[in-house]
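This is what each chain is made of:
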Amino acid sequence: MAAADSSPSIVEYFGGEDGYRCGYCKSDTGNLSHGMWAHSMTVQDYQDLIDRGWRRCGKYVYKPIMNQTCCPQYTIRCQALHFQASKSHKKVLKKMLKFISKGDVSKAASEEEPMDSHVEDAVACDFPYKAESHVSQSELTPLSVDHAERVENEDEDTGETKEEVNEHKVESGSRQICADKETPLTGGPAHSAKIAHAPPKPGKGADLSKPPCRKAKDIRKERKLQKLLRNQPCTIEGSPFQAGDPGFLLQNSKSKPNQPKTIEDFVFVSLPDDAPHKLEVRVVRSSPPSSQFKATFQESYQVYKRYQMVIHKDPPDKPTINQFTRFLCDSPLEAEDEPNGPECGYGSFHQQYWLDGKIIAVGVIDILPYCVSSVYLYYDPDYSFLSLGVYSALREIAFTRQLHEKAPDLCFYYMGFYIHSCPKMRYKGQYRPSDLLCPETYVWTPIERCLPLLEQSKYCRFNQDAMAVDEGRIKELGRVRVLHKRIVMPYSVYKKRRKGPSDEASVQQYASLVGQTCSERMLLFRS
């Protein structure tokens, strides 16, 4: 998926980072990664990059050097459509439900569920300060397409062909579309009632002065729906689409005999009229910042600051507004809307949890063509007893299933990195079914097959086919697209024009890491 009129991604590759401190094993220089600054990026390019082991922190996009870093970080995704909540997950959902409906407060935190479900991303927080781009915006604005095409045609005598931004279909994406679209999904639209058309009987007919007669069943259904909508609001900014969608709520409020309860059974449930608390989830676009995002910025920042100071023990001067903005608000992802996409569009969002009129937690997420990607979570430490890390992850899985109703290709929930060598980071493997990404062939492998291998070695190739290779590997370096002096050109042309020492090794490394498809679609900035 790529918007026909979207601008190409523009990146600045920095190469391999020097070793820096690891937040897991506490090694001073053992954490190693490749990195690049994304000045702008399409959601399809980022989808393809995370399917090759990349991940973003603000506008900095990095990829751990898996066979060298001290604590290998494997991309993990949950198959949201088939997710089954575990016993411990249901405990968290019940705890929230009891708190909202009855005011019950359970201070006993479960030891098997870390309070912070996205703790590893705090480690990445310093990346933007180490490798921020200083290129001016004017240098990043390509000249007219006609001019760029003339330059790209310079290389016709060597067999190079002109490359258009949207010319190639996305190879990795075609393998990720769900194969079971006909499987009934909890939370789907309610089935329409069948209407039997019988011939009219003789008589005076209906009294048009009175309202039409309605079945008692329909009246009960309408009352139930109104109660559900009253008690469980969850709005997506600027859109009529809601988690309180009538079909979605009614189907998920029905009891399902002999079937395990789903997340939706706990979340979209009818609450008593005198419930002591009200929880509302709002999805607001963070980049570019929407009016609702701007209006709640200060309140959201204050929650983040308290979270960093209490949970991560940051000194008061570290979680500044500038740091918060660059880490969790700035995003290279372009906002995109597609006819068959989610109502809210694709891009970067903040999912705000409002309890009794105030923000108590914020989940930072990216909505991409095939997944909801979790970036970070922060919450008010006063509400730690609600296990908000686990609760927000479950809500994001439910949100993924909700988006799937409108965007059938969107069916995965990406949880960031799974770090088996750090025992406290293994909890992500509890969200089943889930897959880990092979660091050599970039194919997805069920986590059950990966865990025995990771017990033997912290770095593993999950693909057991010894002959298998990276299908998306770089095959033609000359076709890598470059932005040089505001002109778009293939690397083969840039290489001839370049003055000074060769940069082929750096470009080769970049292309091998992002893959052939992205290297031909994104623009690699060269000064």
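Residues numbered from 1 in each chain as written. Predicted model: local features only at pLDDT ≥ 70, side-chain atom pairs only at ≥ 80, totals over all residues. Heavy atoms only, no water.

The subject of this paragraph is helix H12 (residues 388-404). Residues spaced three or four apart along an α-helix point in a common direction, a consequence of the helix completing one turn every 3.6 residues. If you check H12, its first and last C-alpha atoms are 24 Å apart, about what 17 residues at 1.5 Å a residue would give, namely 24 Å. Along H12, 17 of the 17 residues are buried, which leaves the element largely enclosed by surrounding structure. (Helix = DSSP H or I, 4+ residues; strand = E, 2+ residues; numbered from the N terminus. Expected span 1.5 Å × (residues − 1). Buried < 20%, exposed > 50% of the residue type's maximum accessible area, 1.4 Å probe, protein only.)

The next subject is the environment of Gln-84. Tracing the backbone shows Gln-84 in the loop between strand S5 (74-79) and helix H2 (87-102). Sequence separation between Gln-84 and Arg-432 is 348 residues; the distance between their C-alpha atoms is 6.7 Å. Beyond its immediate sequence surroundings of up to four residues, Gln-84 is in contact with Pro-260 and Arg-432. (Contact = heavy atoms within 4.5 Å.)

This part covers the nonpolar core. The biggest cluster of nonpolar side chains holds 127 residues, and the ones touching the most others in it are Met-36, Tyr-378, Tyr-431 and Tyr-510. Broken down by element, the residue count for this core peaks at nine residues, all from H12. With residues up to four places along the chain from it excluded, the contact list for Tyr-431 reads Cys-78, Phe-83, His-89, Val-390, Ala-393, Leu-394, Ile-397 and Met-415. (Core = buried A, V, L, I, M, F, W, Y, C linked by side-chain atoms within 4.5 Å.)

Here we take up the environment of Pro-408. Secondary-structure assignment places Pro-408 in the loop between H12 and strand S11 (412-418). Assessed through its relative accessible area of 35%, Pro-408 is described here as partly exposed.

Our focus in this paragraph is empty space enclosed by the protein. Applying the stated criterion to the full structure yields 10 cavities of 30 Å³ or more. When its volume is computed, the largest cavity comes out at roughly 90 Å³. Around the largest cavity, the lining residues are Arg-52, Gly-53, Lys-63, Met-66, Gln-73, Tyr-74, Thr-75, Phe-417, Leu-437, Cys-438, Pro-439 and Tyr-442. For the lining of the largest cavity, the class distribution of residues is seven nonpolar, three polar and two charged. (1 Å grid on protein atoms, 1.4 Å probe; cavity = no way out; pocket = protein on both sides within 12 Å on 5 of 7 lines; lining within 4 Å. Points joined across faces, edges and corners; volume = space filled by probe spheres on them. Nonpolar A, V, L, I, M, F, W, Y, C, P; charged D, E, K, R; others polar.)

Close inspection of predicted coordinates is inappropriate for parts of the model with low pLDDT. For the chain, per-residue confidence averages 83 on the pLDDT scale, and 73% of positions sit at 70 or higher. Of the regions scoring below 50 in pLDDT, residues 158-198 engages in 68 contacts with residues more than four places distant in sequence or in other chains. (pLDDT = per-residue confidence, 0-100.)

Time to look at the pairing of strand S16 (residues 523-526). It is a general feature of regular strands that their side chains alternate between the two faces of the sheet. The alternating pattern of S16 places Leu-523 and Phe-525 and Leu-524 and Arg-526 on opposite faces, both of which are buried. Examined bridge by bridge, strand S1 (residues 10-16) and S16 share two bridges and lie parallel to one another. Bridging across to S16, Val-11 finds its partner in Leu-524. As paired strands, strand S14 (residues 481-484) and S16 are joined by three bridges and run parallel to one another. Paired with His-484 across the two strands is Arg-526, which belongs to S16. (Pairing = 2+ DSSP bridges.)

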